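Residue-level structural notes
Given next are the chains, with one letter for each unit.
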Amino acid sequence: MKFYLETYGCQMNIYDSEIICSILLKSGFIKTSNLKKADIILLNTCSIREKPEKKIFNRLIKIKCFKKKKKQLKLGIVGCLATHYKKKLFEKLKFLDLIVGPDSYKQLPEIINKLKNNNKEIDVSLANKERYTNIIPKGVRNGISAFLSIMRGCDNMCTFCIVPYTRGREKSRNPNSILKECKLLYKKGYKEIILLGQNVDAYFWKKMKFFQLLELIAKTVPLMRIRFLTSYPSNITTNLLKVVKKYTNICKHFHLPLQSGSTRILSLMRRKYTVEEFLLIIKRIKTIIPDCSISSDIMTGFCTETQADHRETIRIMNLIKFNFSFMFKYSSRQGTYAYRKLKDNVPNSLKISRLNEIIRLQKSHSFYRLKQNIGTIQEVLIEGISKQDEKYYYGRNYKNDLIVFTKNKSKIGSYKKVKILKSTFTTLIGEILP
Ligand code: SAH
Ligand code: F3S
């Protein structure tokens, strides 16, 4: 049986798709990248905001046509939409055959086989504490940099966020299985590991905390670069900063979602820090690791956000000048506390104009941060050939800045010194040194 898998959403979903591939291939399924040749089409889905969700629904309508042409073709939704809407998806999408949530992928082969009798199948349980400890993901990424999930789920219950409902409670993975996967990735020729978790810094296994795990990984694969995301701001400890500083193979970068620059809004979001505390965390990071890069997630138009709250976000962004940010307009998600109890009362047009304002501001901050590299020499891990122009390579430095530079005979996957010549709003441009 041939399967076709399409992935939407965050890095965790990309990682999960690798897990799904690994499980299905092991059970004798064959992977195809040609949708028309598939016997089963799976969409690994995201429901964090309205926009990605709409995109997936539109895609499903298109895929429905294939089912008309090929009667035995099966169609399944896996991932966050599955646990968000559960069996309601069958009511909404009559042509759907399978719904499987993020904790039930090990059951996928069995569930797919059951579809032969023209049943509809669903498994959206989140109670089984699944960590996929012994499944080695099938590397579908670029062969240079690999994702590695160290924990799943989230316990924070931010009032706007669907993740704790779609991915369940926080569960950290056994460090031995993490180290085993690191060594395997190294053996396979990967050069970089990106540790994943909704809150990597909440990692906890018996007595082991995140900073200890990170140190172990840095020592176990000293020739690999280690990145991690996302960090929850109030979990950043001095111990963690010391480990990041000490090991040259750990990247000097924190992804630290601010969400809003207004303490009133932060408290409505049930984030566990005030704006003042967030600023202190930034100060602590910069004191211990002065050249550390910091990126963020920021949202506009959360329930009751006033113009004054928005001005506060602008003020804090101007104080911090993040290296880059992912920015969104708030969209109410069914089932969350904000959906049930707070007023989604900021008009859409205002959400959008505030969003555009912070996007413009962030662009100027990114440019400001990038420009400081002009004239310096940076060590870059070559990740591949630039999609815009084949004469160029692209890669990143230890701060996570994207760098594009002229191609020479250096191998993809090697570390090279690059002199930075200029900068755009998003990318550094340089020349490779002999
Ligand atoms: N674990 C991360 C966030 C994961 S979700 C953390 O610590 O914050 C990624 C980002 O999506 C969030 O940081 C938030 O900015 C955005 N997001 C989540 N729910 C949203 C919603 N309902 N509307 C708009 N943006 C949302
Ligand atoms: Fe979502 Fe907050 Fe967790 S944004 S993923 S509930 S930290």
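Residues numbered from 1 in each chain as written. Chains lettered and ligands numbered in written order. Predicted model: local features only at pLDDT ≥ 70, side-chain atom pairs only at ≥ 80, totals over all residues. Heavy atoms only, no water.

1. What about the site of ligand 2?
- Taken together, Cys154, Asn156, Met157, Cys158, Phe160, Cys161, Val163, Pro164, Gln198, Asn199, Tyr232 and Arg271 form the complete shell of residues around ligand 2.
- Here the shell around ligand 2 is composed, by residue class, of eight nonpolar, three polar and one charged. (Near = heavy atom within 4 Å. Nonpolar A, V, L, I, M, F, W, Y, C, P; charged D, E, K, R; others polar.)

2. Digging into the sheet that holds strand 1 (residues 2-7)
- With respect to topology, six strands assemble into an open sheet ordered 2-1-3-4-5-6, the strand pairing being parallel. The sheet is open, and its two edges are formed by strand 2 (30-31) and strand 6 (121-123), each paired on a single side.
- The pairing of strand 5 (residues 98-100) with strand 6 spans three bridges and is parallel. Residue pairing in the sheet places Ile99 in a bridge with Ile122 of strand 6.
- The strands that helix 2 (residues 50-69) touches are strand 1, strand 3 (40-45) and strand 4 (74-79); relative to strand 3, the one it contacts most, it runs at about 180°. (Pairing = 2+ DSSP bridges. Helix = DSSP H or I, 4+ residues; strand = E, 2+ residues; numbered from the N terminus. Contact = heavy atoms within 4.5 Å. Axes fitted to C-alpha atoms, helices over the stretch in contact; angles between N-to-C directions.)

3. Details of the sheet that holds strand 16 (residues 324-329)
- If you walk across this open sheet you meet the three strands as 14-15-16, and the pairing is parallel. Single-partner strands in this sheet number two, and they are strand 14 (253-255) and strand 16. Across this sheet, the average inter-strand angle for adjacent strands is 10°, counted without regard to direction.
- With three bridges joining them, strand 14 and strand 15 (residues 293-300) adopt parallel strand pairing. Bridging across to strand 15, Phe254 finds its partner in Ile294.
- The sheet contacts of helix 14 (residues 348-371) involve strand 15 and strand 16, and relative to strand 16 the element is tilted by about 175°.

4. Structural notes on the domain arrangement of the chain
- For the chain, the assigned domains are domain 1 (2-123), domain 2 (145-369) and domain 3 (377-432).
- Centre-to-centre, using C-alpha coordinates, domain 2 lies 26 Å away from domain 3.
- Contacts between the two partners involve 16 residues from domain 2 and, on the opposite side, 15 residues from domain 3.
- Here domain 2 packs against domain 3, burying approximately 1,300 Å² in sum over the two surfaces, 53% of which is carbon and sulfur.
- When the buried area of domain 2 at its contact with domain 3 is split by residue, Lys191, Arg225 and Phe367 rank highest and sum to 41% of it.
- For the pair domain 2 and domain 3, the interface holds 10 residue pairs in polar contact (both at pLDDT 80 or more).
- Counting only elements with at least two residues in the side of domain 2 that touches domain 3, the list comes to strand 13 (225-229) and helix 14.
- Classifying every residue of the side of domain 2 that touches domain 3 by side-chain character gives five nonpolar, four polar and seven charged. (Domains from an automatic or database assignment. Buried area = accessible area lost by both parts, 1.4 Å probe. Polar contact = N/O pair within 3.5 Å; in protein donor to acceptor, adjacent residues only side chain to side chain.)

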